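Residue-level listing of the chains:
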Amino acid sequence: MHLQRTKRNIFRGLLMLLAFLVLVIIGAQWMAKDAIAGFLKNELPSRIQLDYEDIEVNVLTGSAKLKMIALKVGTQDSLRDGTAKINALEVVGLGYWQFLVHQKITLRTLYIERPILTYGLKDKESDTTRRGKNPLGNVQALEVGSIKVVDGDVTLYKDQSDSVALKLDSVNIEISDVATDASRIVTKLPVTYSSLGFSGASLMADLGPYETLGVSKVEIKHGALVISDLALKSKYSKKELSWHLHKEHDFIDLKIPELSFENMELGYSENKYRLRTGIAVMKGPDLELYRDKLLPGDTERKKLYSEALRELPIQLDIPKIEISGGHIAYSERVNTETAPGKINFAEVSAQILHVQNIPGKKVKTSVEAKALLMNEAPITLNWSFDTQKKSDAFLASGTVKGFNPKNLNPFLESNLRVRARGDIQELYFTVSGDAVSSLGDMKMKYEDFEFSVLKKDRLRINKLLTAIGKVFVNDGSNTDENGYRYGGIEAQRDPTKSFFNYLWLNVSDGLTSTIIGNGKNERRKK
């Protein structure tokens, strides 16, 4: 009897304890839910408005889940008002004690399902934007073991219009060991993390009045960035583009099947962001450029590449870029009577070393490129410069071998009103210069070289000018013992033109000197 009474007492005690625990859990659930709801209502920054359909809390697992979220964020920096719709936001492993007592949020996992973000871009950044205030409100620190974003969409709209500035679909993100605090959150790099995984599809970006950028897929994994099917294109056809222009501007059609960067690292120092990468690889780029020369010229000053790198708003350090399987085509419209002539470079490959602008880093940027000119003649270009030198000094050299000039006649006839014949067996040039002028040398081995000058209709030969030209142009005879003729190079840069126009001026001057001059191995005197 006594034993049975003892058992009943123990059973009653356990029931009471269980009931008490249930009440404690229910109370904790209510308190936690109320605390989270209160935080979302009262502690978020005033520019953030948050509504949700339901909130679920489980104090046993330390999880909380918000369903069907509608978020609105007020104007900040270069962004106008933004909205977000999120199917569900779930936190797992919430440290309630840290949250309630120390105003510190610690989470094991933050899971965001199907966020759809929409923002508008401002015309320019406002000087009235408040800076230096902790956007976490009264929270002093935040630590998250893992953040996962699943199947999101992002859309940015231009200024006050409904035109899309940027759109990215199927965004998936996974970040590990995310941390920030009240002092770090207001810096240029507001969070720290140990690893980042990112993928997105169907990127579209509006680059201004004339070009758009498209990418089929972007992925970051283990510090490497891979971009698939990049396309940079003019918004209009060649003819339509000319209707929209008031001065010369290139029609562009660039396709890159794959572009990758190893070991990407973003930092901030000396009031500049810093981007360092490992080797970059560009596979199969295909570039078509066209310019309507009948439009007024673009008289704005053009920077050489050394100056452009030096003045970037970000510190850049890419040790090597490898390019393979490329193709380049360039054409110009210089008259209304004939179709634009075109120059092609096939099987383009290049190795670009030390693309960088790090202050005090004493290493030159260099380019080693080769291709087939007009799909048949091997051509090379070696080029180097130091971004630290404000004179923009550079050294360039190149070769062309086994080239039949008649393959270039469609371009020469349309652009220069000349027709060429003969055989350029070898051509070598070396040029050193700066942003103002350059000097160099050229040597050629060629046979039966001849120019015919065309009339304005570009269909008939101007016999008089052709005959005069033959008096001055050497056909390839009168060479040294090795069969070479030599010429000097002198050129003045037109600052309204690109580096490649400058390079062509040097090559053109060298050709003129070699073919018309005495052919001897000496630099011309002024």
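Conventions we followed
- Residues numbered from 1 in each chain as written.
- Predicted model: local features only at pLDDT ≥ 70, side-chain atom pairs only at ≥ 80, totals over all residues.
- Heavy atoms only, no water.
- Helix = DSSP H or I, 4+ residues; strand = E, 2+ residues; numbered from the N terminus.
- Contact = heavy atoms within 4.5 Å.
- Areas by Shrake-Rupley, 256 points an atom, 1.4 Å probe, with all protein chains shown as cover.
- Salt bridge = Lys/Arg side-chain N within 4 Å of Asp/Glu carboxyl O.
- Buried < 20%, exposed > 50% of the residue type's maximum accessible area, 1.4 Å probe, protein only.
- Patch = residues over 30% accessible without salt bridge, like charges linked within 9 Å, V, L, I, M, F, W, Y side chains within 5 Å.
- Core = buried A, V, L, I, M, F, W, Y, C linked by side-chain atoms within 4.5 Å.
- pLDDT = per-residue confidence, 0-100.
- Phe/Tyr/Trp six-rings, centres within 6.5 Å; stacked < 30°, edge-to-face > 60°.
- Lys NZ or Arg CZ within 6 Å of the ring centre and 35° of its normal.
- Pairing = 2+ DSSP bridges.
- Polar contact = N/O pair within 3.5 Å; in protein donor to acceptor, adjacent residues only side chain to side chain.

Now for the overall build of the protein chain. A count of helical and extended segments in the protein chain gives seven helices and 22 strands. Intrachain contacts of the protein chain at a sequence separation of at least 6 include 62% that bridge at least 24 residues. When the accessible surface of the protein chain is split by element, carbon and sulfur atoms take 57% of a total near 29700 Å².

Turning to the pattern of salt bridges, a few remarks are in order. Counting across every chain of the model gives 22 salt bridges. Of the charged contacts, one joins K445 and E426 as a salt bridge, the two residues approaching to 3.8 Å between their closest N and O atoms. Pair noted here: K445 is in strand β21 (residues 437–453) and E426 is in strand β20 (residues 418–433), with a separation of 19 residues, a long-range link. No difference in accessibility class separates K445 from E426, as the two residues are buried.

Notably, D151 is not glycine yet its phi reads approximately 55°, a positive angle. Looking at the element boundaries, D151 is found in strand β5 (residues 141–157). Of note in this structure, E347 is not a glycine but carries a positive phi near 50°. Note that E347 resides in strand β16 (residues 341–356).

Once that is clear, we can look at a nonpolar patch on the surface. Taken together, the side chains of L266, Y268 and Y273 make up a nonpolar region of the molecular surface, amounting to roughly 270 Å² of accessible area. If you trace the backbone, L266 turns up in strand β11 (residues 265–269).

Ranked by internal contacts, the top residues of the largest apolar core, which has 58 residues, are L373, W383, F394, F403 and F429. Those residues in contact with F429 that lie beyond four places of it in its chain are L381, A396, S397, G398, D441, M442, I489, L503 and V507. One finds V144, I147, V149 and I175 within the second-largest nonpolar core, a separate group that totals 18 residues.

Moving on: the confidence of the model for the protein chain. Across the protein chain, pLDDT averages 82, with 75% of residues at or above 70. Within the protein chain, no element has a lower average pLDDT than helix α6 (residues 463–472), which sits at 45, and none a higher one than strand β13 (residues 280–283), at 98. Scored below 50 in pLDDT, residues 19–28 shows three contacts in the model against residues more than four places distant or in partner chains. Note on residues 462–472: pLDDT is under 50 here. Beyond four places in sequence and across chains, it has 11 contacts.

According to the stated counting rule, one finds 11 aromatic pairs in the structure shown. Judged by centre distance (5.4 Å) and plane angle (85°), the ring pair of F394 and F499 falls under edge-to-face. In this pair, F394 is assigned in strand β19 (residues 394–403) and F499 in helix α7 (residues 499–516), connecting sequence segments 105 residues apart. Classification of F394 by relative accessible area gives buried; the value is 7%. With a centroid separation of 5.6 Å and 70° between ring planes, the pair formed by F394 and Y502 is classed as edge-to-face. Residue F394 is found in strand β19, and its partner Y502 is found in helix α7; the two are separated by 108 residues along the sequence. Y502 matches F394 in its accessibility class, with the two residues each being buried. Members of the aromatic cluster, connected to one another through ring pairs, are Y305, W383, F385, F394, F499, F500 and Y502. Sitting over the ring of Y428, K443 keeps its end group 5.2 Å from the ring centre.

Bringing the pairing of β11 into the picture now. Here five bridges tie β11 to strand β12 (residues 272–276), and the two strands are oriented antiparallel to one another. Considered in β12, the bridge of S269 is made with K272. Joining the antiparallel neighbours β11 and β12 is a turn of two residues, in which E270 adopts a positive phi near 50°.

Assignment of secondary structure puts G120 in strand β4 (residues 104–121). Residue classification places G120 among the buried positions, given a relative accessible area of 3%. The spatial distance from the C-alpha of G120 to the C-alpha of K158 is 6.0 Å, given a sequence separation of 38 residues.

Note on placement: N357 falls in the loop between β16 and β17 (365–373). Given a relative accessible area of 8%, N357 falls into the buried group. Polar side-chain contacts of N357 include one of 2.8 Å to the backbone oxygen of L309. Within the structure, N357 has its side chain in polar contact with the backbone oxygen of I314 (distance 3.1 Å). Those residues within four positions of N357 in sequence are excluded, and the remaining contacts are L309, R310, L312, I314, Q315, L316, T387 and Q388.

Along the chain, the position of Q351 falls in strand β16. When neighbours within four sequence positions are excluded, Q351 is seen to be in contact with K320, I321, S366, V367 and E368.

A separate point is the side chain of E307. With respect to the helices and strands, E307 occurs in helix α4 (residues 305–310). Those residues in contact with E307 that sit more than four places away from it in its chain are R301 and D392.

A few words on the environment of A88. Looking at the element boundaries, A88 is found in strand β3 (residues 79–92). Between the C-alpha atom of A88 and that of K67, which follows or precedes it by 21 residues, the distance is 4.5 Å. Each residue touching A88, except ones within four places of it in the same chain, is listed here: K65, L66, K67, Y111, I112 and E113.

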